[in-house]
Structures are given as structure tokens and as C-alpha cells.
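Okay, here's what each chain looks like letter by letter:
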Amino acid sequence: MSIFGALAITCVVLAPGASPPSHHATSSIRWDARAVEHLLNRAGFGATQSEIERGVAMGREALVAELVDGPSSTSWVDVEPTLFRWEDFGLDILQVTLPGTSYYGMTSAEQVAMCKDSRVVDRNQFLELNQQWFASMTAGADPLRDRMTLYWHGFFTTSWEVVKRKYELIRQFQWLRREAVANYADLLHGIVRDPAMLQYLDQTASAKDHPNENLARELFELFSLGEGNYSEVDIREAARALTGNRCASNGSFEFLADAHDDGSKSILGRTANFGDRELVDQLLAQDACPRWIARRIVRWIEGVEPGEERVARYAQLLRDERFELRPFFRTLFQDPDFYREDVVGTRVLSPVEYLAFAGKKLGVRPNGHFLNKAGVVLGQSFYAPPSVKGWPEGLDWVTNDALLRRGNVLGAMLGVLEVGVNETAIADDGTTVANAPDLETLIRTLDGERYEPRAELVASLKALTAHDDRSIAAFLLEEWLPSAPTPESTRLVVDWLAKERDRRGMSERGWLDDAAVRSTMLRRLAHLVFSLPEAHLG
Amino acid sequence: MTDRRIDRREVLVSATAGLAAAACASKAPKTALAKPAVDTGRALLVLELFGGNDGLSTLVPHQDDAYQRARPTLRLERAATLELNAERGMHPTLEHLHRLYHDGRVAAIEGVGMPAPSYSHFRSQEIWHTARAEGRTSGPGWLARVRENAWGDDDDRMLTIHVGGDMPYSLWSERHPAVSIRVASELEWLGSDTQRDAFARAADGECAEPEPTRRDRMLAEVRSRLRDSQVAAARLRRIFDDYRPRAEYPAEPFAAAFRAVAAMLNSDLRTRVYSVVLSNFDTHGAVQQAKHARLLAQLDRALGAFFADVRGTAADERIAVLAWSEFGRRVEENVSHGTDHGAAGPAFLIGSRVRGGLHGAHPSLTALDPNGNLVHTVDFRRVYATTLESWLGVESRDVLGGGYEPMPLFT
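Every residue gets a number counted from 1 within its own chain, in the order that chain's sequence is written. For this description, chains carry letters from A and ligands carry numbers from 1, given in the order in which they are written. Reporting of local features is limited, given that this is a predicted model, to residues whose pLDDT is at least 70; pairs of side-chain atoms are given and counted only at 80 or more, and all residues count toward the totals for whole chains, interfaces and linings. To get the side-chain values, all heavy atoms of the structure are used, and hydrogens and water are removed first.

Draft legend 1. Molecular detail of the overall build of chain A. Looking only at helices and strands, chain A has 24 helices and 7 strands in total. When the 538 residues of chain A are sorted by exposure, 62% land in the buried category. We call two residues in contact when some of their heavy atoms are within 4.5 Å. In chain A, the share of contacts with a sequence separation of at least 24, taken over all contacts with a separation of at least 6, comes to 72%. If you sum the accessible surface of chain A, you get close to 19,400 Å²; carbon and sulfur atoms cover 51% of it. In this description a helix means any DSSP run of H or I spanning at least four residues, a strand means any run of E spanning at least two, and both kinds are numbered starting from the N terminus. Note on classification: 1.4 Å probe, protein chains only; a residue is buried when its accessible area is under 20% of the maximum for its type, exposed when over 50%, partly exposed between these limits. With residues, only the protein chains shown are counted as cover, and all accessible areas are computed by Shrake-Rupley using a 1.4 Å probe.

Here it is as C-alpha cells:
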């Protein structure tokens, strides 16, 4: 039986605008299934009903502690990436042919084959990491870490389109994931020495006689202060302070003293012999810095612009805790404002979140090739942000055909779409054969793998006290949607279920007992439910 | 302002309320797409070259000693360029554009920029998108203002269309959001017949009145966008499927966007503004020369196919292309043999009614701003104002938030 029952439950009791300090107001959070669902939506990638039940029983403090502190042991293993030295193949770090050599003009066929093979291996290790991460998101053993890894990945953006070798990207990802809920100051110190970032923002060739400003600019504008809190002079001076930070040919950080400008610099009102450490410390000392970070994180998690009072409060918390992130999240997830009506069920899922939510609720773990291609189709691919500013947020994701596209990708993931040559048609087993070239490559990555409804789901359905279409639809909508279903959607699903049963001559209970029909109908139901408007708001 | 997304979000949230209220008031789809009357009004295709196009490698001042000095490895000699006149050559990859130029169909406007330029891609882009120094805090984009000021009473959703990925802010409007589409092949939600019948109802929904919560408003907005995409997708799919171009387009996504625009121009759509973006012009590094050449070649192939396709049709008389980039690049190349963010650069107008030739004035390569950048000779809003007044026949003062001197860019 659905733990939500038929009642619409809200979890906000504070008047709009009221925002007392959290330690006084925690009693105003109603700890029920909707509250737990909301917390697990935002601190992770959604939850199954049994996880929600568990959270209700645990109580708020215990669940928040579990999310923030993470598990005591982990099955995650950082796989050491393989480093390819493209110069051995006559290519430079950006895979541009070196003078006097040519990738296609290599002398021996073995060399060419070896180079091509290396590129495949290099790409595959990247896809495997993507798959490992997605599996972790959907397994949900350390949900806040995986969610914040997604955040930092979009915050300190780096792209494989620029960093042509995957070694540095994989190392960066593993570092971000290790530090995802640890300390922002450490992250900022680390990012100016991160080999992938140094390449992405053109720091690799910056030298004292000709500093490149790209890293310095984004460091101020995006990574620490936000626009309006620094001058062009600060950026020029900071670029000088960063000279000498390089990515070595072995993919690790190196400091070239010869390339470093060790003269005096004036940055944000202080004149000193700045190096990268002193520069980052100077940024961290600005009032704008914790405000910028607090605002960005709260906005990303809640999906609503935080009020100035809350920004100030969370900025102060970061300052007091020396940028430790765990106290920040512990407070946020027990803040009545986090559970207010404006926040719950109103945040638009990004494509990766949408896939992870669906994967988690359905128990689907697609392979890395599928995830990579799905990311491309939906506009959020691993290490390929649209720009240094990272990913869109909120309704910016809902461009005109985005929702149709999400439905199609999910249909592919569920195995209800197959590639055809001529026109859209329905195969005997209920599979839609589509003529959609863009979906073709996506579907091909699945290599015949196909979703089968989880045994527990089937068992739960059979165990329902009533098996009329309405009861089954209500159960599945609660199971699969990240937020409360609307009456319109419930009616739509009930009607489809009735029509489809009738078409097949099945009774209300009968279709559940026929394994083949059950499999097809549950896949099609899932496809429909995950295409509803509510499926995109969590 | 602090961050463009903050402002954007605030605007969007309030937009959500507005749209939901509209959706509540009327149960009928607000798309109003079923107006088949052919409109022969002029249309503008706005082509954004995002990332900061290197103007000095696009319209090359090869006779300028300062250019030769500033660009020891990137410079293009006269013989390597496509000649415009004794002093100026086009990048060698721009063959079709060069031919169009000599047909008198290209206005190449030099030195286009803004006072107090920003070297941030996003900030500068915002200024171009809004035609205002304050960027997004000033309100909707300039094309959205055109939509509202000039055609505000027209409910046709298809009047402004972006083809490609993320829609530029220039088109974003609270009251009249532009249609944003990607490629034609995916404009359909795929499912069985019964599923599709069901999905057709997915955008239906009652509004909670009189006091909708934020959740109600977000749901209403998602439904509204879903409904729009369902209706628009069906219609556009037919237009793209039925189109038989008169020229061959290269098999690449960017060219496909131009093919889509050509198809729409030759359909019964009444679209007045199209938008297409080509990204990746941010050439800081060692690959600038090759990367920039690849991008310009891609641009040129698409433009070549597009004008070959529409030439000789009614669409040729109806379309003008405005190409711009948020800034040019630093005059002096960097040690990586790339270039850093700069200021002024060239913009282009292309079409049968354009007054061909070089316009504006090339900025001095020696009298630079304190950051080593070109000082603009033409405020970009003069190009906007001219395009609005002389081409689209739209009053420009309110759109641009001030009067800007027109230029002789159209015949």
C-alpha cells in the first residue's frame, strides 16, 4: 500500500517569509513521507518507497547524519587511469600532429593501429568511470557525495573537448568525488593546481612575460567571488600570481619556478608577493566568497533563489566553520526553509538527475556508452558542459522538445523502442520500431539489453490489497514519480491501463499474472509515467 | 548584478507565475499555431558566433605593419587571403562568403563593439543579447522586445524560432517565448498508439485557483511547454520532411540548422526572427589557427548552401542574415600562439537587399585600449538599429533603450 495514501501532504508550517534561526525552528518540520522523499530527492537521486519508509522510521536527525557523514565503509574504488602519451604517436597533448609527423602518415601499420587502439582504450576508461558514477548514484550508498560530485563537476567545469587526454579528467573527477562534502577552501586551493583545469583554462603555457588570464578570470567570476567583486586589474595581477602552475607531460601538477612571476602584485587591496596559495587565501578572505558559495549551493539544492537573510546566515556558517561543508549541509537539511512549500516538488531535474532518478526507481543500470550518448541527446554529457559557466538550472532545461527527448531516451532505456528503417510501427511484443536516426546510435549502445521489471516491484504489486486499475496506477505513480502525482496524470494512467487491458482481453488482476504481458505493460507504463510533467519536478 | 543565472532565474520564476496565470485563464492551447496565411514579411536570421571570433583573422588588415608585428605566427599574408580590396582580405576558408561579397550581398562592418567592453564571454554576450550595458537585469532580450513591441498582439508562437541547442537570451521573453528546436528527426514522442493517445493528454491539467502554489505554477509551466512542443513538433516535422532544397547541404548539424531555416522560410510559417548559434570560437590555445579555420569553413559551407538554396526563390527577397560575435580577440597573440579575449570585431549582414561592401572603420591597431584591445568605431546597437528600421521596419528606440544613428547597410 502506498505510504502516501490518498492524502496530499504538505510539510510546511511556517508563514511565507518567516525564517527564524534553524535551531529554534526545527520542531516546525513535519517529518513524514513527503519530507523524507524531498530530502532524498535533494541530498541524493530520489528514493524508492521502501527507502522512504525507512527514513520516516529513522527520524530526521539520524537520516541527515547518515546522508552528511556518509557510510563508514565504501565499495567505491578509484581505478587508476591509464596515461597515454600522444607525443609517442606524433601527436601533441591536444592531439594535433607535431611538426614533421602525421597521425595518418605514420610509417608502420602497427603504429597506426596502436594509436587508434589507445584512443579507444582512453575513451573506454572514461565511459567506465561514467558508468561507475551512475551506478553509484542509483545504488544510493553515498547519495550526498554523488550529488555534490555532480555539483562540483558543473561548478569547476572542465571539458574533454579541450583536455584531450582522459587521464587528467579521471584524476580530477576522483579528487572532486573524494572531497565533495569536505571543505570548499581545499577545493579552491586544489583547483588552481589541478592538471585538467590548468589545461582547460589555458594555464599550461602562461608565463611571466605573457600571463594568460583565462584561469584567473574564471577563478574570480565563477569559482569564488562572482562578478562585481573585483576589477580587471585584480585579474591581471592574479594571472601573474598563477604563472608557473603547469600540467606536466606525465599528467601531474608541476610548478615551474622559471615561468613564475615572483614580483610584487596588488590583488583586492593587498600588495604582496602573491603565489597561487596566497592568491586563493586572499579570495577566501573576501566577504563575497562565502556569500557566493552559500548562494550557489543553496540555490542549486533548493531550486529557488535564497533570500538575502539566508545567504548571509549560510555564508556566516561557512566562515565560522572554515569552509567545512558537512556543518553546512547538516544545517541546511534541518532548516524549515528547506522544507517550505516553495521548495518541495518544484525543482526541475537536470538530464543526469532525471536518468539517475529513473534508474534508481526502476533498478536500471545502463552501460557507459548508453549514458554517454544519452547525455549528448539530452544536453548534459559527462565532462562536456556547454561553457565554463557549467550547466543550466531550472526551467532553462525545459526547452521545447526537451521533454519529448527525455521520454524517448527513457523509452530506449526501458527497451520499448527499437531501431527501424522505414517508419514507426509496433512490433508483436509491444516494442515500438522507430525511424529516428538520432535514437539509433543510442539504442545500439544497449546491445539488446532490456529492462525487466524488478521482482520486488512485481511482488509489491501482487501484494496490493486491491488490483483495480486505480489502485495499481496510484501505487506505480507513487513508486516512480519524484513528487506527488496530479489527479489528471492519475486519470490518464488509469485510462491507459484499462484500454490496454481491454485491447489484450485481460482482467484487472489477470495481466499481473501473465509474465509476458506484465513485462510489456509495466515497461510501457513506466515509459508513460516517466514522460509526465511531474516526472521532471523533484 | 552578480550572476546572470540569478537574474535569469528570478525573471523565470516570475515568468512562471505569469504564464501559469495565463494558462489558468484560458483552457485553450495558447500556441495559436493554426494560422496558415502566408506572410511575405521580411525575416531576420541572427547568427551568433559564440566564444569571441578573431576578427583580425576574419577580415585581415594585411597591409598594417602593426598587424604583422602583433601576430608573428597567426598573421595571414595578402596572397593567402581572399581579396576584398588592396588593404583587406577575407580568411581563405570563406570562399562562399567572398563570392557573395563580390555579388554585392555582404555588408562587412568593421570595428563593431561597445563602450566599456567586458572581457567575460557571458557578460559581453548578455550585453549583445539585451542591447544594454546592464545585461539581464535590464529585462528581456532585444529580439524579445522586438517581438513584444512590434508584434505583441500576434499570438503566433512561431514568430521567433531558435534552431539548435540552448536558446540565446536575446529571444527570451516572458509573454512570447520563442520556439526552440533542435534537429527535425526527433520531434516526436515515440510510443505505441495507445500510449501516444495517453501522452497527448499529458499536458492537460487544472490550475489550482485562486491561489496557486509555486508547485502549481511550475507544473503549469512545464505543461505549457510540453503542449507547445507537441503542437509545434507535429507541424515542424511535416515542414522539414516535405522540404526539397535546391542545393546540397553539408551533412553536419550546423548546416542542418540552415537547411531547417530554409525549409521554414519556404513554408507557410510567418516567422520573422530565426536564430542559430555556432560555438567554440574561444581560441586561446595553440590550436587557434587550425580550429578557427575549421569553424570558419563550417560557417562558410552552411552559408554557401543556404544562399544557393534560397536564391531565385521568394525567400531570397525576404531574408537577411546578421552575424556577430560577443567580442573580437586581443590584438597581440599570446605565447601559446592563440589569442585572449578582446573587444571590437567585425559583424556581417548578408542578403539580397544588403548594401554590399566594407562599412564602419577599422580600429587603429596602435591606439589600443589599456588592455591591448581594439577600440570600437561602431556601437553594435547602430547595427541593430539599422537592421530593425531598414530591414524589419520596426521602431528601434524602445527596443534598444535609446536612439542610435543608422548606417547605410541596406539598399
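Draft legend 2. Geometry of the pattern of salt bridges. All names here are of chain A. Salt bridge, as applied in this entry: a Lys or Arg side-chain nitrogen positioned within 4 Å of an Asp or Glu carboxyl oxygen. This structure, assessed with the given rule, holds 62 salt bridges over all chains. A salt bridge links glutamate 308 to arginine 295, with the nearest nitrogen and oxygen atoms 3.0 Å apart. In this pair, glutamate 308 is assigned in helix H14 (residues 308-320) and arginine 295 in helix H13 (residues 288-302), connecting sequence segments 13 residues apart. In this structure arginine 295 comes out as buried when scored by relative accessible area, which is 12%. The partner of glutamate 500 in a salt bridge is arginine 504, with the nearest N and O atoms 3.2 Å apart. Residue glutamate 500 and its partner arginine 504 are both found in helix H22 (residues 487-504); the two are separated by 4 residues, about one turn of the helix.

Draft legend 3. The arrangement of the pairing of strand S9 (residues 319-325) of chain B in detail. All names here are of chain B. Here S9 lies mainly inside the structure; 7 of its 7 residues are buried. Neither face of S9 is left uncovered, since the one carrying Ile319, Val321, Ala323 and Ser325 and the one carrying Ala320, Leu322 and Trp324 both have all their residues buried. As defined by bridge partners, S9 adjoins strand S10 (residues 345-351) across 4 bridges and the pair is classed as antiparallel. The residue of S10 that forms the bridge with alanine 323 is phenylalanine 348. Pairing between two strands requires that DSSP report at least two bridges joining them.

Draft legend 4. Layout of helix H17 (residues 368-378) of chain A. Residue and element names in this part refer to chain A. Of all 11 residues that make up H17, 8 are buried, and the element is covered over most of its length. Where H17 is concerned, the buried positions are Gly368, Phe370, Leu371, Asn372, Ala374, Gly375, Val377 and Leu378. The N-capping residue of H17, defined by a side-chain oxygen 2.9 Å from the backbone nitrogen of histidine 369, is asparagine 367. Note on H17: the residue one or two positions beyond its end, glycine 379, has a positive phi of about 90 degrees. We define a polar contact as two N or O atoms separated by no more than 3.5 Å, with the added condition that, inside protein, one atom must be a possible hydrogen donor and the other a possible acceptor, whereas residues neighbouring each other in sequence contribute only through side-chain atom pairs.

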